[in-house]
Amino acid sequence: MPAKSKRQQALMGMALAVRRGEMKRSEVDGAVLDIVDSDMSTKDIEDFARTPRKGLREWIEERML
């Protein structure tokens, strides 16, 4: 599943880095940790994180999802 915004893509990238041990848990905030600790598979997080940024909006309001 592709990310819908640049912020979502970046958030998933950080979550993936924490899951892989490339970043420490203490270096990220609660939203990233929520994703890391969720039932979401590493493959799903990877799919979001690999979304090309070109053409994505900066952010999307919750109600637009």
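Residues numbered from 1 in each chain as written. Predicted model: local features only at pLDDT ≥ 70, side-chain atom pairs only at ≥ 80, totals over all residues. Heavy atoms only, no water.

Caption draft 1: Geometry of the overall build of the protein. If you tally the helices and strands in the protein, you get three helices and zero strands. On C-alpha atoms alone, the protein measures out to a radius of gyration of 12 Å, which is about the 11 Å that the 2.2 N^0.38 rule sets for 65 residues. Split into buried and exposed, the 65 residues of the protein put 29% on the buried side. Counting only contacts in the protein whose residues sit at least 6 apart along the sequence, the fraction spanning at least 24 positions is 61%. A total accessible area of about 4,700 Å² is found for the protein, and carbon and sulfur atoms account for 50% of it. (Helix = DSSP H or I, 4+ residues; strand = E, 2+ residues; numbered from the N terminus. Rg over C-alpha atoms; globule rule 2.2 N^0.38 Å. Buried < 20%, exposed > 50% of the residue type's maximum accessible area, 1.4 Å probe, protein only. Contact = heavy atoms within 4.5 Å. Areas by Shrake-Rupley, 256 points an atom, 1.4 Å probe, with all protein chains shown as cover.)

Caption draft 2: Structural view of the nonpolar core. With 13 residues, the main nonpolar core has M12, A15, V32 and I45 as its most contacted residues. Among the secondary structure elements, those contributing two or more residues to this core are α1 (6–20), α2 (30–36) and α3 (42–49). Residues in contact with M12, not counting those within four places in the same chain, are I35, M40, I45, F48 and A49. (Core = buried A, V, L, I, M, F, W, Y, C linked by side-chain atoms within 4.5 Å.)

Spatial relationships are all this shows, so hold off on functional conclusions.
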